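Summary of structural features
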Amino acid sequence: MVVDHDFHLHLRPLSAGERRQFGAAAYVLEGWVGGQRIAIPVYPMADPGRASVEGYAFEAMGLTITEGRLADLTHAARQLLHALAYGGQFPCYAMEIPSAGVALPVYPWGEGWRVHVPDGPILEARDLGILRQRVADAHGLPVEAIQVRVLSERLAWVPPAAVFRPAIESTPWLPVAWSESGWRLHFTGALLSAPGNGAGIWSLWETVADQVVRQGWLHDPEDLMLEVWSGAAWEAMQSAMREATARFRFYEAGQRLRAVLLPIFRNGERWMAVYTAQDQRTVFVGRDLIDLQRRAGEALHAAGRLLDPRALRMELVEMEKSSEVARAFLVPGGE
């Protein structure tokens, strides 16, 4: 059974400034659940024929909970959280199957994860990517039909803002949740978090890259790349990166030749190149420009985007300002 202190729920009225953020909500249920901060807006329910409030409601995990009194609403929230707990743990992720209209909660299990398939098996895996594949196999679906969701501060299942994964291999596959209060992900049974700004995500990348190398999942930290699914999250990330006066260019494989440009950024001692496809950005990482060019070329080739990994070319954007890039490209390690 989950102990009450894991929840730390309390109800408070919203300030005028907060009401701009939460809309028509009058209160917020806030606290901590499974080590994660939550803030659930509570809405008054008015009778159209009367001026008085007839009750209160909030939404969590796709459910709408209504009560006539605020005290009863807080109690109902605690009951819901206890009902969602399993083996003393609270779900951190969900496997959503849009075609079936269900989202299966994923629970921490040792250093890995466990999910219960209704009328089916209990599936376990150390990595969420592997677990996603097993859920797909159990339902006879392609893996793309299973959507991994993270838990937002409002206790809603939402798409991750980003995913850490190898440039070529499929594991580890680590979804990242984001809000203004921070970045967070779970890895080997621990919650890792960082401030929600641009410096925070790259600090988290350093931590994760170091751990996956220590665990033997990857050989080098630069093997870990970042897929960014949220435009707002990308804006926050980009604020900590300095765009270089160079870019990579290639012609994408297909019936029609299409020139693709990858802007290059400097971030501390490392270099990064960003490939954009529709609304998703893939950030490749290298120790220097030569290493970055090789890694990005191999990854794009493995993904079927580039026929020859050596066909990724670098070009300078502004010749008069490109001395730093020229030196970095000629001398491994940069300056």
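Here the structure is shown first, and the text comes after it.
Now for a description of the structure that goes with this document.

What counts, and at which threshold
- Residues numbered from 1 in each chain as written.
- Predicted model: local features only at pLDDT ≥ 70, side-chain atom pairs only at ≥ 80, totals over all residues.
- Heavy atoms only, no water.
- Pairing = 2+ DSSP bridges.
- Helix = DSSP H or I, 4+ residues; strand = E, 2+ residues; numbered from the N terminus.
- Axes fitted to C-alpha atoms, helices over the stretch in contact; angles between N-to-C directions.
- Core = buried A, V, L, I, M, F, W, Y, C linked by side-chain atoms within 4.5 Å.
- Buried < 20%, exposed > 50% of the residue type's maximum accessible area, 1.4 Å probe, protein only.
- Arc of directions from axis to C-beta.
- Polar contact = N/O pair within 3.5 Å; in protein donor to acceptor, adjacent residues only side chain to side chain.
- Salt bridge = Lys/Arg side-chain N within 4 Å of Asp/Glu carboxyl O.
- Expected span 1.5 Å × (residues − 1).

Right, let's get into the sheet that holds strand β14 (residues 182-187). With respect to topology, 10 strands assemble into an open sheet ordered β15-β14-β13-β12-β16-β20-β19-β18-β17-β21, the strand pairing being antiparallel. In this open sheet, the two edge strands, each paired with only one partner strand, are β15 (190-194) and β21 (313-316). On average, adjacent strands in this sheet sit at an angle of 30° to one another, irrespective of strand direction. As paired strands, strand β12 (residues 162-166) and strand β16 (residues 224-228) are joined by 5 bridges and run antiparallel to one another. In the sheet register, phenylalanine 164 faces β16, and the bridge partner there is leucine 226.

Right, let's get into the nonpolar core. With 53 residues, the main nonpolar core has Phe164, Leu204 and Met237 as its most contacted residues. Ranked by the residues each element gives to this core, the list is headed by helix α4 (residues 198-214), at 7 residues. In this structure, Leu29, Val33, Met61 and Leu73 belong to the second largest nonpolar core, which totals 23 residues.

This part covers the pairing of strand β18 (residues 258-267). One ladder, built from 8 bridges, connects strand β17 (residues 242-252) with β18; its direction is antiparallel. Note that in β18 the partner of arginine 249 across the bridge is leucine 261. Here β18 pairs with strand β19 (residues 270-277) via 4 bridges, running antiparallel. Within the sheet, the bridge partner assigned to asparagine 267 lies in β19 and is arginine 270. Linkage of β18 to β19, two consecutive antiparallel strands, is achieved through a turn of 2 residues, within which glycine 268 is found at a positive phi near 65°.

In spatial order, the strands read β9-β8-β7-β6-β10-β11; together these 6 strands make up an open sheet with antiparallel pairing. Edge positions in the sheet fall to β9 (122-125) and β11 (157-158), since each has one partner strand and no second. Across 2 bridges, strand β10 (residues 147-151) lies against β11 in antiparallel orientation. Looking at the pairing, valine 150 lines up with valine 158 of β11.

Attention now goes to helix α5 (residues 231-238). Burial in α5 covers these residues: Ala233, Trp234, Ala236 and Met237. Looking down the long axis of α5, one finds its buried residues gathered within 160° of arc, a one-sided arrangement. Two to three positions downstream of the cap, the backbone nitrogen of alanine 232 sits 3.4 Å from a side-chain oxygen, assigning the N-cap of α5 to serine 230.

Bringing the pattern of salt bridges into the picture now. Applying the stated criterion across every chain yields a total of 22 salt bridges. The closest approach of N and O atoms between glutamate 227 and arginine 165, which form a salt bridge, is 2.6 Å. Taken together, the residues span a long stretch of sequence, with glutamate 227 in strand β16 and arginine 165 in strand β12 at a distance of 62 residues. Taken as a pair, glutamate 227 and arginine 165 share a single burial class, namely buried. Bridged by salt links that share partners, the residues Glu206, Asp220, Glu222, Asp223, Arg270, Arg287, Asp291, Arg294, Arg295 and Glu298 form one connected network.

In this section: unusual backbone geometry. A cis geometry characterises the amide bond from threonine 171 onward to proline 172, with omega recorded as 0°. With respect to the secondary-structure elements, proline 172 resides in the loop between β12 and β13 (174-179). Backbone geometry at aspartate 119 places phi at a positive 55°, although glycine is not the residue there. Examined against the element boundaries, aspartate 119 turns out to sit in the loop between β8 (112-116) and β9. With relative accessibility at 89%, the residue aspartate 119 sits in the exposed group.

This part is about helix α2 (residues 70-84). Along its 15 residues, α2 runs 21 Å from first to last C-alpha, staying within 8% of the 21 Å computed at 1.5 Å per residue. By the burial criterion, the buried members of α2 are Leu70, Leu73, Thr74, Ala76, Ala77, Leu80, Leu81 and Leu84. Taken around the axis of α2, the buried residues stretch over an arc of 160°, which confines them to a single face. Facing away from the buried side of α2, by more than 90 degrees, are the exposed residues Ala71 and Ala83.

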